[in-house]
Amino acid sequence: MIDLRSDTVTRPTAGMLAAMAAAEVGDDVYAEDPAVNALEARVAELLGHEAGLFCPTGSMANLLGVWLLVQPGQELVCDVRAHVARAEMGAHAALHGITMRTWDSGFGVTDAATIAGVITPDAGPYLVSTAAVALENTHNFGGGTVQPWEHLVEVSRLCRDARVGLHLDGARLWNAHVATGVALADYGKLFDTVNVCFSKGLGAPIGSMLVSSAANIARARVQRKRLGGGWRQAGVLAAAAGYALDHHLPRLGDDHVAAAAFAAEVAAVVPTAVEAARVQTNIVVMDTGPMTATAVVGAAAASGVRLSAVGARTVRAVTHQEVSVDEAITAGRTVAEVLAG
Ligand SMILES: *Cc1c(COP(=O)(O)O)cnc(C)c1O
């Protein structure tokens, strides 16, 4: 089986497990876990922010980041395919009273003009006020799309001028950084709050980091505990994340090569399924044409390739450290045959 459902399927390597076993740990609810404290400081600095909060999931880090910026009854504005809107089980509304409106960017690339047309800051007594905008980089369901740097700068300026908060769901910001060479801190500084995940292509078993100002992170720490996310000797997990930054961040470009090779195989046979030139990182989103996504997922699995259905006629393949370029090419040929019918 070649498993391309997600980069979350990666398992800890022997080196990572050794780093976890060697971690110096303490009780993180008392802020006494040295490995957690070190990781929080390291990642905050990497992203150009004052402080970090290590969280069990990216969903929780997004939930806290958005909560810092949006009051109950106000709205968050984001892309129609954003993870915060589609894949967090309505948590922002269910737990924090936050509503959302969306724009449709197709493949995920967002520009300031589109956002300016949607936001309604200080909307007065009759309309919902926009308190924050959320962007995703890379854009997952958009196909691993990298947000162009100039767009991010313009969106950041727009939000600052409009006094609207700006959250980055950077679950795969690492991939954007590797694809563009833009420094992580340059990305981070454009946003009020940023989530990054260690559990995706970086290959850690669990863990995400929320970064922001020290005052924001102090508030988020209380809310994380309220949500049941106060954890104890989490240093074993912080050690895995630190190991991933040292050893797996430098190899993410290999996943981009594998995704491009996979997409080229598919596009060569079924050009309507994917435009190979649009594949920028480790995600390939494909249009299944006349077949349903579930039918394609079933047929591909029967031929040894696991994909995920992310829409009625959309399937996704994600490359990661347990899939070689050769395996990606093999998988691409298999999926091409399935899509060709
Ligand atoms: C995976 C992911 C998250 C966080 O997911 P968890 O499973 O909660 O860790 C957030 N945003 C995007 C874009 C993701 O792909």
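What comes next is a walk through the structure.

Basis of the calculations
Residues numbered from 1 in each chain as written. Predicted model: local features only at pLDDT ≥ 70, side-chain atom pairs only at ≥ 80, totals over all residues. Heavy atoms only, no water. Salt bridge = Lys/Arg side-chain N within 4 Å of Asp/Glu carboxyl O. Helix = DSSP H or I, 4+ residues; strand = E, 2+ residues; numbered from the N terminus. Buried < 20%, exposed > 50% of the residue type's maximum accessible area, 1.4 Å probe, protein only. Axes fitted to C-alpha atoms, helices over the stretch in contact; angles between N-to-C directions. Left-handed = near helix turned anticlockwise from the far one by under 90°. Contact = heavy atoms within 4.5 Å. Pairing = 2+ DSSP bridges. Near = heavy atom within 4 Å. Polar contact = N/O pair within 3.5 Å; in protein donor to acceptor, adjacent residues only side chain to side chain. Areas by Shrake-Rupley, 256 points an atom, 1.4 Å probe, with all protein chains shown as cover. Nonpolar A, V, L, I, M, F, W, Y, C, P; charged D, E, K, R; others polar.

Description of the pattern of salt bridges
- If you walk through the whole model with that rule in mind, you get 12 salt bridges.
- We note a salt bridge from Arg 224 to Asp 28, for which the minimum N-O separation is 3.3 Å. Residue Arg 224 is located in helix H10 (residues 214-226), and its partner Asp 28 is located in the loop between helix H1 (14-21) and helix H2 (34-46); the two are separated by 196 residues in the primary sequence.
- With relative accessibility at 2%, the residue Arg 224 sits in the buried group.
- A relative accessible area of 1% means that Asp 28 is categorised as buried.
- Note that Arg 42 and Asp 246 form a salt bridge whose closest N and O atoms lie 2.8 Å from each other. Of this pair, Arg 42 sits in helix H2 while Asp 246 sits in helix H11 (residues 235-247), and the two are 204 residues apart along the sequence.

Observations regarding the packing of H2 against H11
- Direction vectors running N to C along H2 and H11 enclose 40°, while the axes themselves pass 8 Å from each other. With respect to the hand of their crossing, H2 and H11 are arranged in left-handed fashion. Contacts from Ala 35, Val 36, Leu 39, Arg 42, Val 43 and Leu 46 of H2 reach H11 at Gly 235, Ala 238, Ala 241, Gly 242, Leu 245 and Asp 246.

Regarding the sheet that holds strand E9 (residues 283-287)
- Taken together, three strands build an open sheet; the order of strands is E9-E12-E11 and the sheet is antiparallel. A single partner strand is all that each edge strand has here, and the edge strands are E9 and strand E11 (308-311). The average undirected angle you get between the axes of adjacent strands in this sheet is 35°.
- Across three bridges, E11 lies against strand E12 (residues 314-318) in antiparallel orientation. Each residue of the ladder has a partner; that of Gly 311, found in E12, is Thr 314.

Quick word on the pairing of E12
- Of all five residues in E12, four are buried; the element is thus mostly enclosed.
- Judged from the five bridges that link them, E9 and E12 form a sheet pairing that is antiparallel. Across the sheet, Met 286 pairs through a bridge with Val 315, a residue of E12.
- In this antiparallel pair of consecutive strands, E11 and E12, the connection spans two residues.

Focus on the site of the ligand
- All residues in the neighbourhood of the ligand are listed as Thr 57, Gly 58, Ser 59, Asn 62, His 83, Glu 136, Asn 140, Asp 169, Ala 171, Arg 172 and Lys 200.
- Ser 59 is positioned such that a nitrogen or oxygen atom in its side chain is 2.6 Å from an oxygen atom of the ligand.
- For the ligand, whose unbound accessible area comes to 380 Å², protein coverage reaches 84%.
- Top element by residues in the shell around the ligand is helix H3 (residues 58-69). It accounts for three residues.
- The residue inventory of the shell around the ligand, partitioned by class, reads one nonpolar, six polar and four charged.

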